[in-house]
Amino acid sequence: MLHYLWLVVFMWMLMEGVHLFLKVNPSINWSIKLPICMPIAWGIPSIIAFTTLGAGISNYGENGICWLPLTNGLIYAFAGPVILITMVNVILLVIILHKFLGLKTNQDKSEKERIKAGVRAMLILTPLLGVTWIFGVLQLDQISGIVFSYFFDIANGLQVKVFLKQKTARGRVDNTNTTGVSG
């Protein structure tokens, strides 16, 4: 189940990347609608997860851990789609940033302001598209895995910091309780 749900998360990241790509390319007159996204984002991972389960149900989990083992290659039923989706999203990120920096409003800015705007856009889009998971995949290597584990943790921790900084800078986070639950 964990394998399936993580694949669903990555498929939704891919859907978001394609959606952003289509938004910045008005010449492509096509949009992704939710009824199209849902079967793709929930269906393709189910095919992968159930195929993996059928191929090696006795190998699902190792040493009491309910996850795909590294020893028999089943981990690639997760790492393969993650690598593919991450690489597609990296390409989409480059295209989106190129389009963003080519906007008339950004062309009128100084070089320093354009770089600052590009870095800011990249910091916002990188976690949205799951690009930091490159470090997550690279930590599968036994030799340099610990180094990439730290990079992965730091990159994902910075995502939260950037998100909270953006929210507080725009005044969207306040101390009021909007859920109605006291606590």
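This section reports on the structure supplied with the text. Everything quoted here is computed from the prediction, not taken from an experiment.

1. Overview of a positive patch on the surface
Right, on to step 1. Among the surface-exposed residues, Lys109, Lys112, Lys116 and Arg120 lie close enough to one another that they form a single positively charged patch.
Right, on to step 2. Position of Lys116 relative to the elements: it lies in helix α5 (residues 111-128).
Right, on to step 3. Under the relative-accessibility criterion, Lys116 is labelled exposed at 65%.

2. Some remarks on the packing of helix α1 (residues 2-24) against helix α3 (residues 76-101)
Right, on to step 1. Contact geometry for α1 and α3: axes closest at 9 Å, N-to-C directions at 20°. As far as their axial angle goes, α3 and α1 are roughly parallel. Once α1 is placed against α3, the crossing between them reads as left-handed. On the side of α1, the interface is formed by His3, Trp6, Leu7, Phe10, Met11, Met13, Leu14, Gly17, Val18, Leu20, Phe21 and Val24, while α3 contributes Ala77, Phe78, Pro81, Val82, Ile85, Thr86, Val88, Asn89, Leu92, Ile95, Ile96 and Lys99.
Right, on to step 2. For the contact of α1 with α3, the residue count by class is 19 nonpolar, four polar and one charged.

3. Points about the packing of aromatic side chains
Right, on to step 1. Taken as a whole and assessed by the stated rule, the structure comprises three aromatic pairs.
Right, on to step 2. Note on Tyr4 and Trp42: the rings are 6.3 Å apart at their centroids and 45° apart in plane angle, and the pair reads as tilted. With Tyr4 in helix α1 and Trp42 in helix α2 (residues 34-55), this pair connects stretches of sequence that are 38 residues apart.
Right, on to step 3. Look at Phe10 and Phe78: their rings are 6.1 Å apart centre to centre, the planes differ by 75°, and that puts the pair in the edge-to-face class. In this pair, Phe10 sits in helix α1 while Phe78 sits in helix α3, placing the two residues 68 residues apart along the sequence.
Right, on to step 4. Residue classification places Phe78 among the buried residues on the basis of a relative accessible area of 9%.

4. A short note on a nonpolar patch on the surface
Right, on to step 1. Taken together, the side chains of Ile146, Val147, Tyr150, Phe151, Ile154 and Leu158 define a hydrophobic patch exposed on the protein surface, amounting to about 600 Å² of accessible area.
Right, on to step 2. Mapping Val147 onto the fold places it in helix α7 (residues 145-169).
Right, on to step 3. Its relative accessible area of 42% is what places Val147 among the partly exposed residues.

5. Here's the deal with the environment of Gly118
Right, on to step 1. Relative to the assigned elements, Gly118 resides in helix α5.
Right, on to step 2. By relative accessible area, Gly118 is classed as buried at 12%.
Right, on to step 3. With 20 residues separating them along the chain, Gly118 and His98 place their C-alpha atoms 8.9 Å apart.

6. What about the environment of Ile32?
Right, on to step 1. You can see Ile32 is positioned in the loop between α1 and α2.
Right, on to step 2. Expressed as a C-alpha distance, the spacing of Ile32 and His19, which sit 13 residues apart in the sequence, is 6.3 Å.

7. Side note on the nonpolar core
One broad trend across soluble globular proteins is that nonpolar side chains are buried collectively.
Right, on to step 1. Judged by nonpolar contacts, the single largest core of 21 residues is most densely connected at Phe10, Met11 and Phe78.
Right, on to step 2. Mapped by element, the contributors of at least two residues to this core are α1, α2, α3 and α6 (133-138).
Right, on to step 3. Per-element tally for this core: the top contributor is α1, with eight residues.
Right, on to step 4. Once you skip the residues sitting within four places of it in the chain, Phe10 turns out to touch Phe78, Val82, Ile85, Thr86 and Trp133.
Right, on to step 5. One finds Ile96, Leu97, Ala121 and Val131 within the second-largest nonpolar core, a separate group that totals eight residues.

8. Considerations on the side chain of Thr52
Right, on to step 1. Secondary-structure assignment places Thr52 in helix α2.
Right, on to step 2. Given the relative accessible area of 6%, Thr52 is considered buried.
Right, on to step 3. Looking at Thr52, its side chain comes within polar contact range of the main-chain oxygen of Ile48, at 2.7 Å.

So, how was this worked out
Residues numbered from 1 in each chain as written. Predicted model: local features only at pLDDT ≥ 70, side-chain atom pairs only at ≥ 80, totals over all residues. Heavy atoms only, no water. Patch = residues over 30% accessible without salt bridge, like charges linked within 9 Å, V, L, I, M, F, W, Y side chains within 5 Å. Areas by Shrake-Rupley, 256 points an atom, 1.4 Å probe, with all protein chains shown as cover. Salt bridge = Lys/Arg side-chain N within 4 Å of Asp/Glu carboxyl O. Lys, Arg positive; Asp, Glu negative; His and termini not counted. Charge placed at Lys NZ, Arg CZ, Asp CG, Glu CD. Helix = DSSP H or I, 4+ residues; strand = E, 2+ residues; numbered from the N terminus. Buried < 20%, exposed > 50% of the residue type's maximum accessible area, 1.4 Å probe, protein only. Axes fitted to C-alpha atoms, helices over the stretch in contact; angles between N-to-C directions. Parallel < 35°, antiparallel > 145°, perpendicular 65-115°, else oblique. Left-handed = near helix turned anticlockwise from the far one by under 90°. Contact = heavy atoms within 4.5 Å. Nonpolar A, V, L, I, M, F, W, Y, C, P; charged D, E, K, R; others polar. Phe/Tyr/Trp six-rings, centres within 6.5 Å; stacked < 30°, edge-to-face > 60°. Core = buried A, V, L, I, M, F, W, Y, C linked by side-chain atoms within 4.5 Å. Polar contact = N/O pair within 3.5 Å; in protein donor to acceptor, adjacent residues only side chain to side chain.

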